[in-house]
Amino acid sequence: MRQFLIRRILQLVPTLFGISVFIFLIISAAPGNPMSNLIDPNLSKEAFQRRAEQLGVDKPVHVQYITWLRHTLSGNLGYSIRFKKPVTEIIKSRLFPTFLLSFASLFFSFIIAVPIGVLSATKQYSRMDYLFTILAMAGVSIPVFFLGIAMIKIFAFDFGWFPINNMVTPGLEHANWLERAKDIGHHLVLPLFVLSAASIASWLRYVRSSMLEVIRQDYIRTARAKGLSERVVIYKHALRNALLPVITILGLSLPYVFSGAIITETVFTWPGMGTLNIQAVISRDYPLLMGIN
C-alpha cells in the first residue's frame, strides 16, 4: 500500500507540472494582456513601460512561467493585478460561497434523484416513469443560463419572492448570525435550484439504469422467493448495490464543490470561485487565473 501511494505521488508531480505549463501557455496565447485593461490616455509611454516591467509581462513567456513557478513552489501564488491583493487571500474569501452553493446542490440533488430514480425503475414503462424520463431529458437539455434568467424573470421580477443577485442583502453584513443565515438562505434558493436541475436529471437516469440492472439479478429473485416484502427487497438489497456506481460519480463530482459553477454564479452574481474566474479572464489577471486553476 505504501509503495502504491508513493508511486501515485511521484506520478502526480510531472502531471501537475505538465498541466501548469499547458494552462500557462493557453492563457498567454489569448488575445490581449494585463496591460490592456490598464491603458490610460494620460499615462506616459515611460510609465506604461515601467508598469509592464513591474508586472513582468514584458518578458518572454518561458521567463514569465519560470518566475511564476519559482514563486508558487515557495508558497506564493502571486499578486492579483485586478484586485491589488495576494491571490491566496482572494481565493480564501471566495471559497465559502462556492462551497456553500455547490455542496448544497450536491446534497439536494442526491436526496431528490435517488428516491425518484428508484421509483422510476420499479414502475418501469408506467406513466410516472415516462413523466420522470421526460423531466430528466428536459433538465439535461435546458441551458443553465436560460434557466437562470427565466427563474430571475419569473420569481424575482414578476413575483418578487427572491432577491436577484449577490449572497447577502446590503446592510446585513454585520447583522446577527440568525438574520444572516436567513438572508443567505433566501439568496440561495434560485441558484441552488438552477445548479441542481441538471444534476438531478443526470443522477436520476444513473439511478434508474442501475436499479433496472440490479433488480433483474438472481439474488433479488431469491430474496422475493424467501417471502421478503417488496420494500425490503428494493431498499435493503437492491438499492445498496445499485448505489455503487452512483457513489463513484458522487466522488468524481466533489472537485466541483470547490471549483465553482461558472455560469450559475455569473448569472446570479454569486460571489464565488466561478464569478472570480470570469473576472480574472476578462481582466487578463494571469496570477489570479493560474492560482484558481
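Residues numbered from 1 in each chain as written. Predicted model: local features only at pLDDT ≥ 70, side-chain atom pairs only at ≥ 80, totals over all residues. Heavy atoms only, no water.

Trainee: What should I look at first to understand the overall build of the protein in this one?
Mentor: Per the secondary structure count, the protein includes 13 helices and zero strands. In terms of overall size, the protein is more extended than a compact globule, its C-alpha atoms giving a radius of gyration of 25 Å where 293 residues would be expected to give roughly 19 Å. Taking the principal axes of the C-alpha coordinates as reference, the protein spans close to 85 × 60 × 35 Å. In the protein, buried positions account for 34% of the 293 residues. Across the protein, contacts joining residues at least 24 apart in sequence account for 69% of those joining residues at least 6 apart. If you sum the accessible surface of the protein, you get close to 18000 Å²; carbon and sulfur atoms cover 67% of it. Averaged over its 28 positive side-chain charges, the protein has a centre that lies 10 Å from the centre of its 15 negative ones. (Helix = DSSP H or I, 4+ residues; strand = E, 2+ residues; numbered from the N terminus. Rg over C-alpha atoms; globule rule 2.2 N^0.38 Å. Buried < 20%, exposed > 50% of the residue type's maximum accessible area, 1.4 Å probe, protein only. Contact = heavy atoms within 4.5 Å. Areas by Shrake-Rupley, 256 points an atom, 1.4 Å probe, with all protein chains shown as cover. Lys, Arg positive; Asp, Glu negative; His and termini not counted. Charge placed at Lys NZ, Arg CZ, Asp CG, Glu CD.)

Trainee: Explanation requested: the packing of aromatic side chains in the structure shown.
Mentor: Evaluated as defined, the whole model comprises nine aromatic pairs. Look at phenylalanine 155 and tryptophan 161: their rings are 5.8 Å apart centre to centre, the planes differ by 35°, and that puts the pair in the tilted class. Residue class for phenylalanine 155 comes out partly exposed when judged on its relative accessible area of 23%. Relative to tryptophan 161, the ring of phenylalanine 159 lies with its centre 4.7 Å away and its plane at 25°, an arrangement referred to as stacked. An aromatic cluster is present here, built from Phe17, Phe24, Tyr65 and Trp68 joined pairwise through their rings. One Lys or Arg, arginine 82, reaches over the ring of phenylalanine 83 and ends 5.3 Å from the middle of that ring. In this structure, arginine 231 packs its charged tip against the face of tyrosine 235, placed 5.5 Å from the ring centre. (Phe/Tyr/Trp six-rings, centres within 6.5 Å; stacked < 30°, edge-to-face > 60°. Lys NZ or Arg CZ within 6 Å of the ring centre and 35° of its normal.)

Trainee: Would you mind going over the packing of helix α6 (residues 144–158) against helix α7 (residues 177–214) with me for this structure?
Mentor: Helix-helix packing is characterised by the crossing angle of the two axes and by the distance between the axes. The interhelical angle for the contact between α6 and α7, taken along N-to-C directions, is 150°, at an axis separation of 10 Å. With respect to the hand of their crossing, α6 and α7 are arranged in right-handed fashion. Where α6 abuts α7, its residues Val144, Leu147, Gly148, Met151 and Phe155 lie against Leu190, Phe193, Val194 and Ala197. Class assignment of the residues belonging to the contact of α6 with α7 gives a composition of eight nonpolar, one polar and no charged. (Axes fitted to C-alpha atoms, helices over the stretch in contact; angles between N-to-C directions. Left-handed = near helix turned anticlockwise from the far one by under 90°. Nonpolar A, V, L, I, M, F, W, Y, C, P; charged D, E, K, R; others polar.)

Trainee: Just checking my understanding: could you explain the side chain of serine 80 for this structure?
Mentor: Relative to the helices and strands, serine 80 is located in the loop between α3 (61–73) and α4 (87–122). A distance of 2.6 Å separates polar atoms of two side chains, one belonging to serine 80 and the other to aspartate 285. Leave out the neighbours within four places in its chain, and serine 80 touches Lys85, Val87, Ile90, Asp285 and Leu288. (Polar contact = N/O pair within 3.5 Å; in protein donor to acceptor, adjacent residues only side chain to side chain.)

Trainee: In this structure, what is going on with the packing of helix α1 (residues 2–29) against α3? I would like to understand it.
Mentor: Running from amino to carboxyl end, α1 crosses α3 at an angle of 130°, the nearest separation of the two axes being 11 Å. In terms of their interaxial angle, α1 and α3 are classed as oblique. Along this stretch, α1 crosses α3, giving a crossing that reads as right-handed. For the pair α1 and α3, contact is made by Phe17, Ser20, Val21, Phe24, Leu25 and Ser28 and by Val61, Gln64, Tyr65, Trp68 and Leu69, respectively. Considering only residue class, the contact of α1 with α3 consists of eight nonpolar, three polar and no charged. (Parallel < 35°, antiparallel > 145°, perpendicular 65-115°, else oblique.)

Trainee: Even after reading the chapter, I still don't get α1, so can you show me in this structure?
Mentor: End to end, α1 covers 41 Å across 28 residues, agreeing with the expected 40 Å (1.5 Å per residue, within 8%). Buried residues of α1: Ser20, Ile23, Phe24 and Ile27, and no others. (Expected span 1.5 Å × (residues − 1).)

Trainee: Which parts of the structure should I look at to understand the nonpolar core?
Mentor: With 17 residues, the main nonpolar core has Val114, Val118, Val207, Met211, Ile215, Ala238 and Leu239 as its most contacted residues. Counting only elements with at least two residues in this core, the list comes to α4, α7, α8 (218–225) and α9 (230–253). Not counting residues within four places of it along the chain, the set of residues in contact with isoleucine 215 comprises Ala121, Ile220, Arg224, Ile234 and Ala238. If you look at the next biggest cluster of nonpolar residues, it comprises 16 residues, including Ile27, Val87, Met273 and Tyr286. (Core = buried A, V, L, I, M, F, W, Y, C linked by side-chain atoms within 4.5 Å.)

Trainee: What exactly am I supposed to notice about a nonpolar patch on the surface here?
Mentor: Judged by side-chain polarity, Ile142, Phe145, Phe146, Ile149, Ile262 and Ile263 come together as a nonpolar surface patch covering roughly 560 Å² of accessible area. Within the residue set of the nonpolar patch, elements represented by two or more residues are α6 and α11 (262–267). Sorting elements by how many residues they give to the nonpolar patch places α6 first, with three residues. Structurally, phenylalanine 145 can be placed in helix α6. When its relative accessible area of 47% is taken as the criterion, phenylalanine 145 is described as partly exposed. (Patch = residues over 30% accessible without salt bridge, like charges linked within 9 Å, V, L, I, M, F, W, Y side chains within 5 Å. Salt bridge = Lys/Arg side-chain N within 4 Å of Asp/Glu carboxyl O.)

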